[in-house]
Amino acid sequence: MTYKALIPVKRLTEVKSRLAPHLSQKQRADLVLEMLRHVIDALQTSNALDAILVVSADPHVLAQASAWGAQPSPEEVPGHNEALHAAAIRERNAGTGALLTISADLPLLHPDDIRQMRNLAEEHAVVLAPSRDGTGTNALLTRPPLAIPYRFGPGSFQLHREAAQDLGLQHTLYTSIGSALDIDVIDDLTALKYLKAEAVRNRNSLVS
Ligand SMILES: Nc1nc2c(ncn2[C@@H]2O[C@H](COP(=O)(O)OP(=O)(O)OP(=O)(O)O)[C@@H](O)[C@H]2O)c(=O)[nH]1
Ligand SMILES: C=C(OP(=O)(O)O)C(=O)O
């Protein structure tokens, strides 16, 4: 079965508006590209995926994705959920068995996070990775693509979980420091400093 990742990325002129009081537009664009590269690297290193697609309307994002070994996927329909839906339809029609739709702004994501979500997907049609505050969806693994509709936005975690429940699908949660910390507001950048050290300690304890 073919497993692929979809990473949605806005136009760089529009990213991280919640950080605008603290960072210039260039700083926000550079931050997004730095985190995107980290997410692509974690996905590649996991060896758990057959392809990684970056879905964006921004030519610079698509070019960087290609330079980093991901597949550029030009946005066919504008909008977060709409762009992902169009890409997922195309992948389902092409025979892709499962899609890991994952946010581009997860600076502590680790290859083990991907491996563990993929393992969970063997027994569950839907794997949900909530954001740190429990309201967002930082990663959504569905087998097949579009097993549940995309409902990204405020309160998306509950909406995605309710969709799986309403459709009677086997679903489960995956939570780790790496999957839960997405960078949206200035407090997330503060938390990053502390959680990075904790993530390293946790992994060292696992391997020791
Ligand atoms: N391709 C695409 N990706 C999007 C769109 N809207 C959001 N995303 C991506 O979806 C993920 C979550 O997006 P948000 O947190 O809502 O947007 P953001 O730029 O990270 O932050 P804010 O501007 O503060 O909301 C990020 O990877 C975004 O780049 C869209 O319309 N098209
Ligand atoms: C879009 C989402 O999150 P955020 O805007 O907080 O990144 C989401 O979790 O559905």
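Residues numbered from 1 in each chain as written. Chains lettered and ligands numbered in written order. Predicted model: local features only at pLDDT ≥ 70, side-chain atom pairs only at ≥ 80, totals over all residues. Heavy atoms only, no water.

Peer 1: Account for the overall build of the protein, with residues named and values stated.
Peer 2: A tally of regular secondary structure across the protein gives 7 helices and 7 strands. Starting at the N terminus, the α and β elements of the protein follow one another as β-α-β-α-β-α-β-α-β-β-α-β-α-α. Across its three principal axes, the protein shows a C-alpha extent of roughly 45 × 45 × 30 Å. Split into buried and exposed, the 208 residues of the protein put 51% on the buried side. Look at the contacts in the protein between residues 6 or more apart in sequence, and 65% of them connect residues 24 or more apart. Surface summary for the protein: the accessible area is close to 9,800 Å², and the carbon and sulfur share equals 51%. (Helix = DSSP H or I, 4+ residues; strand = E, 2+ residues; numbered from the N terminus. Buried < 20%, exposed > 50% of the residue type's maximum accessible area, 1.4 Å probe, protein only. Contact = heavy atoms within 4.5 Å. Areas by Shrake-Rupley, 256 points an atom, 1.4 Å probe, with all protein chains shown as cover.)

Peer 1: So what's going on with the packing of aromatic side chains? Which residues, and what values?
Peer 2: Tallied over the full model, the rule gives 1 aromatic pair. Residues Tyr150 and Phe152 carry aromatic rings whose centres are separated by 5.8 Å and whose planes lie at 25 degrees to one another, so their mutual orientation is stacked. Across this residue pair, the class does not change: Tyr150 and Phe152 are buried. The lysine or arginine in question, Arg118, covers the ring of Tyr3, its NZ or CZ lying 3.7 Å from the ring centre. (Phe/Tyr/Trp six-rings, centres within 6.5 Å; stacked < 30°, edge-to-face > 60°. Lys NZ or Arg CZ within 6 Å of the ring centre and 35° of its normal.)

Peer 1: I'd like a description of the site of ligand 2, backed by residues and values.
Peer 2: In the vicinity of ligand 2, the contacting residues are Arg18, His80, Gly136, Thr137, Phe152, Gly153, Ser156, Asp182 and Asp184. The contact in question runs from an oxygen atom of ligand 2 to an N or O atom on the side chain of Ser156, over 2.7 Å. Relative to its unbound accessible surface of 290 Å², ligand 2 loses 78% to contact with the protein. When the residues that make up the shell around ligand 2 are grouped by side-chain class, the tally is 1 nonpolar, 5 polar and 3 charged. (Near = heavy atom within 4 Å. Polar contact = N/O pair within 3.5 Å; in protein donor to acceptor, adjacent residues only side chain to side chain. Nonpolar A, V, L, I, M, F, W, Y, C, P; charged D, E, K, R; others polar.)

Peer 1: Outline the site of ligand 1, listing residues and values.
Peer 2: Around ligand 1, a shell composed of 17 residues is seen, among which Pro8, Lys10, Lys16, Arg18 and Glu75 lie nearest. In this structure, Lys10 approaches ligand 1 through a side-chain N or O atom, which is 2.7 Å from an oxygen atom. Alone, ligand 1 offers 610 Å² of accessible surface; in the complex the protein occludes 84% of this. Counting atoms within 2 Å of the grid points, the majority share of ligand 1 lands in the largest pocket. Here the shell around ligand 1 is built from residues that sort into 5 nonpolar, 5 polar and 7 charged. (1 Å grid on protein atoms, 1.4 Å probe; cavity = no way out; pocket = protein on both sides within 12 Å on 5 of 7 lines; lining within 4 Å. Sits in = over half its atoms within 2 Å of the grid points.)

Peer 1: Tell me what's going on with the nonpolar core, and back it up with residues and numbers.
Peer 2: Core analysis: the biggest nonpolar cluster contains 36 residues, and Ile7, Leu36, Leu43 and Ile102 have the highest contact counts within it. Of all elements in the fold, only strand 1 (3–9), helix 1 (25–46), strand 2 (51–56), helix 2 (59–67), strand 4 (98–102), helix 4 (111–121), strand 5 (126–130) and strand 6 (137–142) reach the threshold of two or more residues within this core. The dominant element in this core, judged by the number of residues it contributes, is helix 1, at 8 residues. In this structure, Leu36 is in contact with Ile7, Val9, Val54, Val61, Trp68 and Ala104, ignoring residues within four places of it in sequence. (Core = buried A, V, L, I, M, F, W, Y, C linked by side-chain atoms within 4.5 Å.)

Peer 1: Which residues make up helix 4, and what are the values?
Peer 2: Listed in full, the buried residues belonging to helix 4 are Pro111, Asp113, Ile114, Met117 and Ala121. Projected down its long axis, helix 4 shows its buried positions confined to an angular sector of 160 degrees, all on one face. (Arc of directions from axis to C-beta.)

Peer 1: So what's going on with the confidence of the model for the protein? Residues and values would help.
Peer 2: In this model, the protein carries an average pLDDT of 96, and 99% of its residues clear a pLDDT of 70 or more. Among the prediction metrics, the complex's ipTM stands at 0.96, with pTM recorded as 0.96. (pLDDT = per-residue confidence, 0-100.)

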